Amino acid sequence: MVIHNLFQFCRGALTQVVDAVCPPTCAACGRAGAEVCRLCRCSMIEQLRSVSTSTPVETNRTIVGEFSGCLRDVVNGMKFKKHRGAANYLGGLLSRRIISDGLVPGVDVHAVTWVPAPAPRRRERGFDPSELMARMVGAQLGLPVIRTLVRADCGEQKTRGGVECWNGPGFKGRRTHYFRLLLIDDVVTTGATLAAASGALRTAGVSHIHVAAVAATPKRVAEGREATSERYRAAA
């Protein structure tokens, strides 16, 4: 524990030194001063207010917003421009949306895990965006963060053909004593990746999975709203 605290202190001090010498730039617009600048944060807030993606906890799905506008720019900056700090900001947004959707940490879910990025992309970036977001979510919700998925394929979703995208990548789930998990991903496009990851977790013995992502394509957001409407019509 002492070694861990010392490591965290040294890392924080080193980060402050690096930020002083080379100030961070905004993942969306490139302005110097912060990983996500004030103007882009304001634009994102307006975007999230204009398009509601909130869903009841019963749907087992949380999406922060549509993959468009400033939110898309921040996500792309994190994924393709190696803006590591943007993952912490987006993880914070995801934590707040999870709570506002009604999920109760420790009751509805007992631990946090993530959809791992392909190994080549992870090596190129030097980090896994979904892992960083998952660790931020776990810290803010007071939940343990565990590695439960191993990627069995080496291709990225955006480089795969149509049929391959719908089939989804391959995953292997690791056994865990947590049976109710919060599964974090960055962007939902076809939904195949989350479906494949959830299937691997269920095969490994997980009984309940709540999926959460920072963004989804407009089609997936609309489908989520329709699914919620159908659920309440059926219960009426």
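Residues numbered from 1 in each chain as written. Predicted model: local features only at pLDDT ≥ 70, side-chain atom pairs only at ≥ 80, totals over all residues. Heavy atoms only, no water.

Trainee: What am I meant to see in unusual backbone geometry here?
Mentor: Trans peptide bonds make up most of the peptide bonds, and negative phi angles are found at most residues other than glycine. The phi torsion at K82 lies on the positive side, around 60°, for a residue other than glycine. Among the structural elements, K82 can be located in the loop between α3 (69-80) and α4 (84-100). The exposure class assigned to K82 is partly exposed, which follows from its relative accessible area of 47%. (Helix = DSSP H or I, 4+ residues; strand = E, 2+ residues; numbered from the N terminus. Buried < 20%, exposed > 50% of the residue type's maximum accessible area, 1.4 Å probe, protein only.)

Trainee: Even after reading the chapter, I still don't get the nonpolar core, so can you show me in this structure?
Mentor: Across soluble globular proteins, nonpolar side chains show a tendency to be buried alongside one another. Judged by nonpolar contacts, the single largest core of 38 residues is most densely connected at V74, L90, L182 and I184. Among the elements that make up this core, the one with the highest residue count is α4 (seven residues). Apart from the residues within four sequence positions on either side, L90 is in contact with L71, V74, V75, M78, M133 and V214. Ranked by size, the runner-up nonpolar core spans 19 residues in total, among them V188, L194, A197 and A216. (Core = buried A, V, L, I, M, F, W, Y, C linked by side-chain atoms within 4.5 Å. Contact = heavy atoms within 4.5 Å.)

Trainee: Can you walk me through the environment of C40 in this structure?
Mentor: Residue placement: C40 occurs in helix α2 (residues 38-50). Sequence spacing of C40 and C26 is 14 residues, and the spatial spacing of their C-alpha atoms is 8.2 Å. Not counting chain neighbours up to four residues away, the residues in contact with C40 comprise C26, A28, C29 and C70.

Trainee: Would you mind going over the side chain of D128 with me for this structure?
Mentor: Among the secondary structure elements, D128 is positioned in the loop between α5 (119-125) and α6 (129-141). It turns out D128 is buried and unbridged, and the closest side chain with the opposite charge, R122, is 4.7 Å from it. At a separation of 2.9 Å, a polar atom in the side chain of D128 contacts the main-chain amide nitrogen of A117. Among all residues touching D128, those that are not within four sequence positions of it are W114, V115, P116, A117 and R122. (Lys, Arg positive; Asp, Glu negative; His and termini not counted. Salt bridge = Lys/Arg side-chain N within 4 Å of Asp/Glu carboxyl O. Polar contact = N/O pair within 3.5 Å; in protein donor to acceptor, adjacent residues only side chain to side chain.)

Trainee: Just to check I follow, could you spell out the pattern of salt bridges for this structure?
Mentor: Under the defined criterion, the tally for this structure stands at six salt bridges. A salt bridge links K79 to D186, with the nearest nitrogen and oxygen atoms 3.5 Å apart. Of the two residues, K79 is situated in helix α3 and D186 in strand β5 (residues 180-188); the sequence distance between them amounts to 107 residues. Both residues of the pair, K79 and D186, count as buried. For R121, the salt bridge goes to E124, with nearest N and O atoms at 3.4 Å. One end of the pair, R121, and the other, E124, are both in helix α5, three residues apart, so they sit about a helical turn from each other. When salt bridges that share partners are traced, they join E131, R135 and R147 into one network.

Trainee: Can you help me understand the packing of α2 against α3 in this one?
Mentor: When two helices pack together, you describe them by how their axes are tilted relative to each other and by the distance separating the axes. As a packed pair, α2 and α3 sit with axes 7 Å apart at the nearest point and diverge in direction by 125°. It follows from the interaxial angle that α2 and α3 lie oblique. Residue-level contacts link C40, S43, M44, Q47 and L48 of α2 to G69, C70, L71 and V74 of α3. Taken together, the residues that form the contact of α2 with α3 break down as six nonpolar, three polar and no charged. (Axes fitted to C-alpha atoms, helices over the stretch in contact; angles between N-to-C directions. Parallel < 35°, antiparallel > 145°, perpendicular 65-115°, else oblique. Nonpolar A, V, L, I, M, F, W, Y, C, P; charged D, E, K, R; others polar.)

Trainee: Can you help me understand the environment of G33 in this one?
Mentor: Within the secondary structure, G33 is located in the loop between α1 (2-21) and α2. Residues G33 and P23, 10 residues apart in the sequence, show an inter-C-alpha distance of 5.7 Å.

Trainee: Would you mind showing me how to read the pairing of strand β2 (residues 111-114) here?
Mentor: Every regular strand shows the same layout, with side chains that alternate between the two sheet faces. On β2, burial covers both faces: A111 and T113 on one face and V112 and W114 on the other are all buried. Looking at chain direction, β2 and β5 are connected through four bridges and run parallel. Each bridged residue has a counterpart across the sheet, and for V112 the counterpart in β5 is L182. (Pairing = 2+ DSSP bridges.)

Trainee: Explain α2 to me, please; I cannot follow it from the model alone.
Mentor: Residues lying three or four places apart along an α-helix face the same way, a consequence of the helix completing one turn every 3.6 residues. For α2, built from 13 residues, the straight-helix expectation of 18 Å at 1.5 Å per residue is met to within 8% by its first-to-last C-alpha distance of 19 Å. Here α2 has its buried residues at C40, M44, Q47 and L48. Buried residues along α2 cover an arc of 95° about the axis, so they all sit on one side. Exposed side chains of α2 directed beyond 90 degrees from the buried face belong to R38, L39, R49 and S50. Residues of α2 that are buried in the fold lie against β1 (61-66), α3 and α4. (Expected span 1.5 Å × (residues − 1). Arc of directions from axis to C-beta.)

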